[in-house]
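Descriptive analysis of the structure
The residues making up each chain are set out below.
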Amino acid sequence: MALQCLPLRSALRCRPIPSLRRQTARFASTTPSPIDVAALLSKPTWSVASLLPSTSSSPSTSSTTITSKQLHHLLRLSALPPPSSPAEESSLLASLSQHLHFVDEIQNIDTTGVDPLQGLRDETKQGEREQELGLEALREALGREKVVGRYHRRIRRVRDAGKGEGREGVEEDMGDVMGMAGKQVGRFFVVEGGKKEGG
Amino acid sequence: MSVPSVRLRSLKALPALYTRPGYTTRPCYVSKWLQSRGLQVSTAPPPNAVPLRKHLKDEAKRKKADAKAGTGLRRDNAVTARLQKWELTVGIEVHAELNSACKLFSSATAASGDSTAVPNSNVAAFDAALPGAQPQFQVATLLPALRAAVALGCDIQRKSGWDRKHYFHWDQPNGYQITQYYQPFAKDGAIRLSAEDGVPEEDLLGGRSLLIGIKQIQMEQDTAKTTHHPPSSYHIDYNRSGHPLIEIITLPHIHSPQTAAAVVRKLQSVLKAVDACTTGMELGGLRADVNVSVRQRGTIGSSSYSGVAGLGQRTEIKNLSSFKAVEDAIVAERDRQISVLEAGGIIAGETRGWSLGSTETTRLRGKEGEVDYRYMPDADLPPLIIGNDLIDHLRDRLPELPDTTVERVQREYGVTEKDARTIVALDDGDRLEYMEATVELLQPRLLDVDDLKLGKLAGNWVLHELGGFLTANNLCWSDLKIYPIDLADIIAYLTRGEITSRTAKQLLEYSNDDSTSRRVGDLIYDLGLLLRPLSDDEYTELARTIMDENPGMVAAVKEKGQKGKIMWFVGQMVRRGEEGTIEPGKAKEVVERMLAE
C-alpha cells in the first residue's frame, strides 16, 4: 500500500494527508482494510416510509392537525362538495393529514439561498438572451402602426379584420365554441345563478 | 341673372336645415340671421317667447337668491367643520383595456369597447379553457403596455413573472386569472396634476401641482362579459375573456374626492394620448376600484397600505364606471366612515359596492368572506424579459403627452389655457391638427399680422365658430367639408376687412356644401359678398330712419340713460341695411354720436 501511495502522493504534489500517513505507517507491513461498504449501508439514515405518518403514532401527535372547519373552508375554496356523511368526513381528514405530513417532511429540507423553481426553462445567460423581447421581436407589431397628423403627430394602431399571430405561428381554428355550450340562448352561454353563495 | 336672385336661390335651400324633424328651437328668439332674411320658418316664435339673454340672466339671479337663503350655506359649513377634523386618504386601482389586435395569451381577435362583434365569435381554445389548451404570450400586446408605463414615468423591470390568481366564477373559465402579482413589469411611476385638472385648492397646499405616486403597473387578463337576466340567469360572452388589461395602482397620496376623479381623468387622457387605451370609461374600457380610509388629523392610524403607514382601516369600493361615480362613492364612503367612528364604532376592512344614484355604499363581502386567491407562479409561461433597446426605442418616439401639448399650444398660438385644453381634447386630436394647418395657411395670407394673433384667431374660429356651426347643423367633425384652406381664406378676408363677420359665417355654410367646388374667393366674387362700405351720410340716414320710427327707444337712451339700448339700434341697422354693407363698429359710433346730440 505504501508503495502504491508514493506515486499518488507525488502526483498530487501536496502534503500527505495525516491520516493516510498514519495508516500507511501503522499498516506498513499489512494492506489497510477497505472501507466497509456493507457496514456503512447496513444502517439506514432515511427511509421513504418517513414520508407517510407511521401507523403506530396517533394522528393527534402530528404537528399539523386540521379541524373540520378548516376542511370545509378548503373544500369551498376548491369548489368541491362538502362531505356527505361523518364517515366520509373522517376519511377525508385522515387522508388530508397524511398529505400534510408528507408536505411537512419535504419542507424540513434546508433550502436557504435556493430560489423556488417555477418551470423547467433554460436559465443560462444565453437562454435568457434568446427569450428577451427586444426591437427585433416587436418589429412586426411596430410595422402595424402608423403616424397620424402632420403638425400634431400621433401614433395609431392600424385596425384590420385579420387575426393576430402568435410567436410560433397562427393558432389553428378550433371552430365554433358554442358547440361546447350545455345551455344557450342565441349566441350566449347561460348560467343559472340561483341564490348567491359566499364569494 | 342678376346677383341678388342668385343669392336668394341658394338661400332658399337653407331653411331646410333649420326645420328638420327633431331639430327643436328654443322658446325664445330664433336666429336673428334667419329673420333678417325675411324668410318664413314653418312656425313663428311664440308670442310670449323670452329672449335668450334675459332668460339666462333671470336664472342666474334666481340661483343667487336661493343660495343666499341660507340652507345651502349652513350645510356647507357643517361639512367643512367635519373635514377639518378628519383626513381622508384614497388609493386607486385602475384597470384599462389595452389597444391591441389580439388577446394576451391567445391569437383570437381582441374585441374593442364598442365593437359590434357577434357574441362568442372571438374565442380561442385557451379563452374557453378547453382542457389541455396552453397560453401563448402575444408579443404585440407589449407595445401599448410599455408605452403606458413609459408615459407614466415608471421603471420597467427587465424580468417579470406571470402568476395565477385563483377564484371560481362563471366569467373566469380557467378558474384562475393570469396576472403579475409577485413581479409586475413596471414600478415606481408618478402622475402630475394641477388646479386646471380639477384638484381643489386645499390639496395643492400652495404648490403649483400635485404629484401622485404610482406603485406599479401590471398586465393581466380580462374576464368574460356577463349580463344578468332576471330572475337568476346570466348570459355570458367570452369575446372579452383573455383581453389584455393593465392595472395601475396608485399610492395613497390622494386626499380628496375631486382629486381622485381628477387622477382617473388624467390617467385616461394620458393613456389615450399614447394609444395605449383608446376606449374610455363610458364605454367600459377603464374601470376603477378605490380604497378609502379616514383618520383624525394629527393622529397616526394603525394600518399601512402600499408602504404608507399610519393610515386608518380601509375599505375597498369596486367597479366604479364613471368619473362622477368615483367622486360620489368616495364622498359617501368617507361620510359613512366618519359617522361610524364618531359614534364610537370601528371600521371593518370590507369590500363595498356603489351604484349610480345611491347615497351610501353597500356591503359586498366581509372579511370572513375574503377570498383566498392562492397566488402561485404560472408554470406554463416563461418569465417576461424585456430588452432595453425596445424601451429606448419607444421612449424616444413616445407621442406628446397632453400636458406638453396644452402648454405648447398656449405658447405657440397664444390660445388661453381653457381653450387650449378643449381643442387638444376634442375629436381625438384632429381639431388641433386642423387648427395648426389653418395657422400655417394663414401666415402667407396675412403677412403683417403677428403669429400669436393668427393663432388666437384660428383657435377661436376652429373651436367656437366651427363648433357652433357643427352643433347648429347637427353634424359631427368627420362630416365637415370645410378644409383648412377654406377657413384660412375666410379668416383672411375678414381680417383684411373685406367682408363682415356675418358674411364670414355665411361663407362657412357655403363652403360646407358638397356640390360647390368653388374656392372661397370665387364664392365671394360670384355672390357679391364683398364689403361695400357705406359713407357716413348713408349711415346717418339709416340711423335717423330707425330713430324716427322708435321714439320710445330714443327717449330711453337720451333721458333715462340706458346705454345698453344703443346696441339695439346697431342691431336694427344691421338688419335693415343691405347684406354686406353695415359694419357694426362704425354703426355704433354713428348711433352714439347721433344720440349724444
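Residues numbered from 1 in each chain as written. Chains lettered and ligands numbered in written order. Predicted model: local features only at pLDDT ≥ 70, side-chain atom pairs only at ≥ 80, totals over all residues. Heavy atoms only, no water.

Let's talk about the overall build of chain A
If you tally the helices and strands in chain A, you get seven helices and four strands. Traced from its N-terminal end to its C-terminal end, chain A shows the element sequence α-α-α-α-α-α-α-β-β-β-β. Classification of the 199 residues of chain A by burial places 17% in the buried group. Restricting the contact set of chain A to residue pairs at least 6 apart, pairs at least 24 apart contribute 32%. For chain A, the exposed surface amounts to about 15900 Å²; the carbon and sulfur share of it is 58%. (Helix = DSSP H or I, 4+ residues; strand = E, 2+ residues; numbered from the N terminus. Buried < 20%, exposed > 50% of the residue type's maximum accessible area, 1.4 Å probe, protein only. Contact = heavy atoms within 4.5 Å. Areas by Shrake-Rupley, 256 points an atom, 1.4 Å probe, with all protein chains shown as cover.)

Some words on the interface of chain A and chain B
Every contact between the two is made by 49 residues of chain A and, on the other side, 69 residues of chain B. For chain A, the biggest contributors to the area lost against chain B are L133, Y151 and H152 of chain A; these three give 13% of the whole. For the pair chain A and chain B, the number of links is nine salt bridges. A salt bridge links D430 of chain B to R154 of chain A; the shortest N-O distance between them is 3.0 Å. (Buried area = accessible area lost by both parts, 1.4 Å probe. Salt bridge = Lys/Arg side-chain N within 4 Å of Asp/Glu carboxyl O.)

Points about empty space enclosed by the protein
Applying the stated rule across the entire model yields four cavities of 30 Å³ or more. A141, E145 and R157 of chain A together with A101 and A140 of chain B are the residues nearest the centre of the largest cavity, which is lined by 14 residues in total. Counting residues per element, the lining of the largest cavity draws most heavily on helix α6 (residues 142-151) of chain B, at three residues. Among the residues making up the lining of the largest cavity, the classes are represented as six nonpolar, two polar and six charged. (1 Å grid on protein atoms, 1.4 Å probe; cavity = no way out; pocket = protein on both sides within 12 Å on 5 of 7 lines; lining within 4 Å. Points joined across faces, edges and corners; volume = space filled by probe spheres on them. Nonpolar A, V, L, I, M, F, W, Y, C, P; charged D, E, K, R; others polar.)

Describing the nonpolar core
Among the nonpolar cores identified, the biggest contains 76 residues, and I92, F137, L142, F185, I217, M219 and I246 of chain B are the most heavily contacted of them. Examining the composition of this core, we find that eight residues originate from one element, α6 of chain B, more than from any other. Apart from the residues lying within four places of it in its own chain, the contact partners of L142 of chain B are L133 and L138 of chain A together with F137, M219, L384, I386 and L390 of chain B. Within the second largest apolar cluster, 41 residues are counted, among which are V415, V462, I499 and I524 of chain B. (Core = buried A, V, L, I, M, F, W, Y, C linked by side-chain atoms within 4.5 Å.)

Remarks on a nonpolar patch on the surface
Residues I35, V37, L40 and L41 of chain A make up a contiguous nonpolar surface patch of about 470 Å² in total accessible area. Locating I35 of chain A in the fold gives a position in the loop between α2 (18-26) and α3 (37-42). (Patch = residues over 30% accessible without salt bridge, like charges linked within 9 Å, V, L, I, M, F, W, Y side chains within 5 Å.)

Some points on the pattern of salt bridges
Across all of its chains, the model carries 48 salt bridges over all chains by this definition. Put simply, D275 of chain B and R156 of chain A hold a salt bridge, and the shortest N to O gap is 3.8 Å. In this pair, D275 of chain B sits in the loop between α8 (257-273) and β11 (286-296) while R156 of chain A sits in strand β2 (residues 154-157), so the two residues belong to two different chains. Of the two residues, D275 of chain B and R156 of chain A, neither departs from the other in class, the shared state being buried. A salt bridge links R352 of chain B to E333 of chain B; its shortest N-O distance comes to 3.4 Å. Pair noted here: R352 of chain B is in strand β15 (residues 351-353) and E333 of chain B is in helix α9 (residues 323-342), with a separation of 19 residues, a long-range link. For R352 of chain B, a relative accessible area of 5% translates into the label buried. Each of E400, E407, R408, R411, E412 and E436 of chain B takes part in a single network of salt bridges with overlapping partners.

A look at the domain arrangement of chain B
Annotation of chain B at the domain level lists domain 1 (6-389), domain 2 (402-526) and domain 3 (536-595). Each of domain 2 of chain B and domain 3 of chain B has a C-alpha centre, and these two points are 31 Å apart. (Domains from an automatic or database assignment.)

Regarding the side chain of Q180 of chain B
All names here are of chain B. Within the element layout of this structure, Q180 appears in the loop between β5 (176-179) and β6 (186-194). Residue class for Q180 comes out buried when judged on its relative accessible area of 0%. Within polar-contact distance, the side chain of Q180 engages the backbone nitrogen of F185 at 3.4 Å. One polar contact links the side chain of Q180 to the main-chain amide nitrogen of M219, over a distance of 3.0 Å. With near-sequence residues (within four places) excluded, Q180 lies in contact with S160, G161, W162, D163, F185, Q216, Q218, M219 and L384. (Polar contact = N/O pair within 3.5 Å; in protein donor to acceptor, adjacent residues only side chain to side chain.)

Considering the packing of aromatic side chains
Residues and elements named next belong to chain B. Inspection of the entire model under this criterion finds eleven aromatic pairs over all chains. Relative to Y182, the ring of Y181 has its centre 5.0 Å away and its plane inclined at 80 degrees; by these criteria the two rings are edge-to-face. According to the relative accessible area criterion, Y181 is partly exposed, its value standing at 42%. You can call Y182 partly exposed: its relative accessible area is 48%. The interplanar angle of 5 degrees and the centroid separation of 3.5 Å between the aromatic rings of Y181 and Y375 together place this pair among those described as stacked. With a gap of 194 residues between them, Y181 in the loop between β5 and β6 and Y375 in the loop between β16 (362-365) and β17 (376-377) connect regions that are remote in the sequence. Under the relative-accessibility criterion, Y375 is labelled partly exposed at 24%. Three or more aromatic residues joined by ring pairs form one cluster here, namely Y167, Y181, Y182, Y373 and Y375. Here R265 stacks its cationic end above the ring of F323, 5.7 Å away from the centre of that ring. (Phe/Tyr/Trp six-rings, centres within 6.5 Å; stacked < 30°, edge-to-face > 60°. Lys NZ or Arg CZ within 6 Å of the ring centre and 35° of its normal.)

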